[in-house]
Amino acid sequence: MLLAVDIGNTTIGFAVIHKSGRIESVAIIDTDSKLNKIKAVAAKILKGQAISKAIICSVVPKVSKLLEEILNKAVPVEIIGRDMVVPIKNRYKNPKQVGQDRLVGAYGAMKIYGYPLIVVDLGTAITFDVISAQGDYLGGAIVPGIRLSAESLFLKTALLPHIDIQAPRYIIGRTTQESMLSGLFYGYGSLCRGFIDLISKQLKSKPKVVMTGGHTHLMKKFVSPKIRIIDEDLVFKGIYFLSH
């Protein structure tokens, strides 16, 4: 078994993956969880599982160092970007600026769905990653994610409230909360559709579009029909492909 660890700014995902590529189990905790909780979750995953190796994909160096120390007591640990390189031609002006999660997600999508391709990742930030018809990583776009935008409205305005992130019932909100949810979900849905159209036009093709990330289940109906492939485990799958 392989333990794939995806450390993001908001959550840490642990996936136990069979050698065949089948994902056996997934556990998600907050990235800012206390050390004891992280240790407890890691210990529970490792207990009774025939895990031979752990691979970490991280955008939070401090947490990846901590988890490496915890996991290394039980299994060998490799960190993407340090111990292994994503085998994709990176066309960024400074390739080191691309987050490993973006490259791993793009690589996983290429292996499964082919290319040209657009990967839309709905996480702390919403990222659009573009793979050319030749299989090159071209770059993409980054915008603040849904939760980040909601928190910004609460923190930077005097009268807008803190809201729970949930799908809106109406396009035209009749309360402040309804209006904020409408703006976030319908607004970001329109943004995603618009970006997909613009990128497709620049590519002069009809790329496949894959949506992944923590807010996928909430956002998919607001982006549809532009996105027909939903894969919430894309980074885990990319890590699996890197291990083989």
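As a reminder, the structure under discussion sits directly above these lines.
In this text, all values refer to a predicted model and were calculated from it rather than measured experimentally.

**Observations regarding the pairing of strand S9 (residues 208-212)**
Logical step 1: Of all the five residues making up S9, four are buried; the element is thus mostly covered by neighbouring parts of the structure.
Logical step 2: Where strand S6 (residues 117-122) and S9 come together, five bridges link them in parallel fashion. Bridged to Leu-117 within S9 is Lys-208.
Logical step 3: Relative to strand S10 (residues 229-230), S9 is paired through two bridges, and the arrangement is parallel. Following the sheet pairing, Val-210 is matched in S10 by Ile-229.
Logical step 4: Assessed by its sense of winding, the connection that carries the chain from S9 through helix H6 (residues 216-223) to S10 is right-handed.

**Some remarks on the packing of helix H1 (residues 35-46) against helix H2 (residues 61-71)**
Between two packed helices, the angle of one axis relative to the other and the distance separating the axes together describe the packing.
Logical step 1: Their axes nearest at 10 Å, the elements H1 and H2 cross at an angle of 45°. When the axes of H1 and H2 are compared, the pair comes out oblique. Once H1 is placed against H2, the crossing between them reads as right-handed. Each of Leu-35, Ile-38, Lys-39, Ala-42 and Leu-46 in H1 lies in contact with H2, whose residues at this interface are Leu-66, Leu-67, Ile-70 and Leu-71.
Logical step 2: Looking at the contact of H1 with H2 residue by residue, the class counts come to eight nonpolar, no polar and one charged.

Procedures and definitions
- Sequence positions are assigned chain by chain, starting from 1 and proceeding in written order.
- Side-chain atom pairs in this predicted model are given and counted only at pLDDT of 80 or more, local residue features only at pLDDT of at least 70, and totals for whole chains, interfaces and linings cover all residues.
- Side-chain measures here rest on the full set of heavy atoms in the structure, leaving out hydrogens and waters.
- With a 1.4 Å probe rolled over the protein chains alone, any residue whose accessible area is under 20% of its type maximum counts as buried; one over 50% counts as exposed, and the rest are partly exposed.
- Numbering of helices and strands runs from the N terminus, with a helix taken as a DSSP run of H or I at least four residues long and a strand as a DSSP run of E at least two residues long.
- The pairing criterion is simple: DSSP has to find at least two bridges between the two strands.
- A right-handed crossover is one whose linking path, passing over the helix from the first strand to the second, runs clockwise when the strands point away from the viewer.
- Helix axes use the C-alpha atoms of the stretch in contact, all axes being lines fitted to C-alpha atoms, and the angles between their N-to-C directions lie in the range 0 to 180 degrees.
- Our angle categories are set so that under 35 degrees counts as roughly parallel, over 145 as roughly antiparallel, 65 to 115 as roughly perpendicular, and the remainder as oblique.
- Helix crossings are classified by the rotation of the near helix relative to the far one: an anticlockwise turn of less than a right angle makes the crossing left-handed, while a clockwise turn makes it right-handed.
- Should any heavy atoms of two residues lie within 4.5 Å, those residues are counted as being in contact.
- By the convention adopted, Pro, Cys, Tyr, Trp, Phe, Met, Ile, Leu, Val and Ala count as nonpolar, Lys, Arg, Asp and Glu as charged, and the other residues, Gly among them, as polar.

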